[in-house]
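An overview of the molecular structure
The residues making up each chain are set out below.
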Amino acid sequence: MKTALVTGASRGIGRAVARKLGKMGYYVVVNFNSKIDEAQITLDEIRTEGGDGEVLQFDVSNFENTKSTLEAWLASHPEHIVEVLVNNAGITRDLLMVQMEQEDWGKIINTNLNSFYNVTKPLLQGMVRKRYGRIINIVSLAGVKGNPGQVNYAAAKAGIIGATKSLGLELAKRNITVNAVAPGFIATDMTAELPEAELKGMIPMNRFGKPEEVAAVVGFLASPEASYITAEVINVNGGIYS
Ligand code: NDP
């Protein structure tokens, strides 16, 4: 059974991506950390739209927890082939560097950067064996351009961009593509506190994006049609920066 894993699929961009992949015919593993009810809503929406999947809890920032959960899942689901991995889970802890404590740095690096290793590593072997795979990492405008108040977050996202390019080159001959999608301002819980009316003035399209507008690009990169695109970063930001 062709399967896609989306981390942080209980809300926001991850939910929209999970729904998109469900509509594309993938069995979707809806990962979440703390909000099981929200993850269940994502799964219900996938089923309403004619797809199927399941929810799976693990903390992407925790190496042991992620490894043991994914290995147990793979062992108990031998009929599933994980073709698509979307590393989407992420958090922010915005503050100026002068005020940043080690914990503010470490938490963001663990959740947004180390998670890439934690989740991707257990799934890579299967893709290499099948000689097919699509890995899509959700990065950020901040990781491409930099952003004051987000030194920790931008460092993690820029790190993922480097990892995307390098892993893409490592796997290019094996029919596995690795790409990143860099959203600008997208209307989700993460940006709910931001003053949209003020900020939209600096966005050429004069509005925040919708999660579905990011999911559309992820869906394309996940599809067989995107077979000649790898190690690439695609901006989805209403023209704010490229
Ligand atoms: P939300 O805050 O709406 O959702 C975050 C998701 O990540 C939730 O599903 C949450 O799970 C999950 N998550 C957080 N920590 C963990 C963890 N340790 N383990 C597993 N899952 C976790 O965020 P967005 O949808 O806005 O963001 C999604 C991605 O897009 C992130 O990587 C973010 O950095 C990136 N992005 C977002 C932008 C925006 O404007 N919104 C702009 C640029 C990039 P739970 O519900 O269980 O807590």
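Everything discussed here concerns the structure shown above.
Let me begin by describing the structure that accompanies this report.

A separate point is the packing of helix H1 (residues 12-23) against helix H2 (residues 36-48). Two elements in contact, H1 and H2, have axes separated by 9 Å at closest approach and are oriented at 25 degrees. The angle between H1 and H2 places the two elements in the roughly parallel class. Crossing angle aside, the handedness with which H1 passes H2 is right-handed. For the pair H1 and H2, the contacting residues are Arg-15, Ala-18, Arg-19 and Gly-22 in the first and Glu-38, Ile-41, Thr-42, Glu-45 and Ile-46 in the second. Grouping the amino acids of the contact of H1 with H2 by side-chain chemistry returns 3 nonpolar, 2 polar and 4 charged.

The final tally for this structure, using the stated rule, is 2 aromatic pairs. An angle of 25 degrees between the planes, with centres 6.1 Å apart, marks the rings of Phe-63 and Tyr-117 as stacked. With Phe-63 in helix H3 (residues 63-76) and Tyr-117 in helix H4 (residues 102-130), this pair connects stretches of sequence that are 54 residues apart. Phe-63 gets classed as partly exposed once you look at its relative accessible area, which sits at 33%. What makes Tyr-117 partly exposed here is its relative accessible area of 45%. Here the aromatic rings of Phe-185 and Phe-208 are separated by 5.2 Å at their centres, their planes lie at 15 degrees, and the arrangement is stacked. Pair noted here: Phe-185 is in the loop between strand E6 (176-183) and helix H7 (196-199) and Phe-208 is in the loop between H7 and helix H8 (211-222), with a separation of 23 residues, a long-range link. Of the two residues examined, Phe-185 and Phe-208, each falls in the buried class.

To continue, consider the environment of Asn-88. Tracing the chain through its elements places Asn-88 in the loop between strand E4 (81-87) and H4. Linking Asn-88 and Val-6, residues 82 residues apart in sequence, is a C-alpha distance of 6.6 Å. If near-sequence neighbours (up to four positions away) are discounted, Asn-88 is found in contact with Val-6, Thr-7, Gly-8, Ile-13, Gly-14 and Ile-138.

The next thing to look at is the layout of surface pockets. There is about 1200 Å³ of room inside the largest pocket. What lines the largest pocket is a set of 48 residues, and nearest its centre among them are Gly-90, Ile-91, Thr-92, Tyr-153 and Met-190. When the residues that make up the lining of the largest pocket are grouped by side-chain class, the tally is 20 nonpolar, 20 polar and 8 charged. Here the second largest pocket is characterised by a volume of approximately 290 Å³.

The rules we used
- Sequence positions are assigned chain by chain, starting from 1 and proceeding in written order.
- This being a predicted model, a pLDDT of at least 70 is required before a residue's local features are given, and a value of 80 or more before pairs of side-chain atoms are given or counted; all residues contribute to the totals for chains, interfaces and linings.
- Side-chain metrics in this entry use all non-hydrogen atoms of the structure; hydrogen atoms and water are not considered.
- Axis geometry follows a simple rule: fit a line to the C-alpha atoms, using only the stretch in contact for helices, then measure angles between N-to-C directions, giving values from 0 to 180 degrees.
- Secondary structure follows DSSP: runs of H or I at least 4 residues long count as helices, runs of E at least 2 residues long count as strands, and numbering of each begins at the N terminus.
- In these notes the angle categories are as follows: under 35 degrees is roughly parallel, over 145 is roughly antiparallel, 65 to 115 is roughly perpendicular, and the rest is oblique.
- Each crossing gets its hand from how the near helix is turned against the far one by less than a right angle, where anticlockwise is left-handed and clockwise is right-handed.
- Residue contacts are counted whenever heavy atoms from the two residues lie within 4.5 Å of one another.
- Three classes are used, and their members are as follows: Ala, Val, Leu, Ile, Met, Phe, Trp, Tyr, Cys and Pro are nonpolar, Asp, Glu, Lys and Arg are charged, and the others, Gly among them, are polar.
- In this scheme Phe, Tyr and Trp rings, the latter by its six-membered ring, pair at centre separations within 6.5 Å, and the angle between planes marks the pair as stacked below 30 degrees, edge-to-face above 60, and tilted otherwise.
- Buried residues are those whose accessible area, probed at 1.4 Å on protein chains only, stays under 20% of the maximum for their type, while exposed residues exceed 50% and partly exposed ones sit between those limits.
- Here a cavity is any set of points on a 1 Å grid over the protein atoms alone where a 1.4 Å probe fits but cannot get out, and a pocket is any open set with protein on both sides within 12 Å along at least 5 of 7 lines; a residue lines the site when it has an atom within 4 Å of a point.
- Grid points are joined across faces, edges and corners, and a volume is the space filled by probe spheres set on the points.

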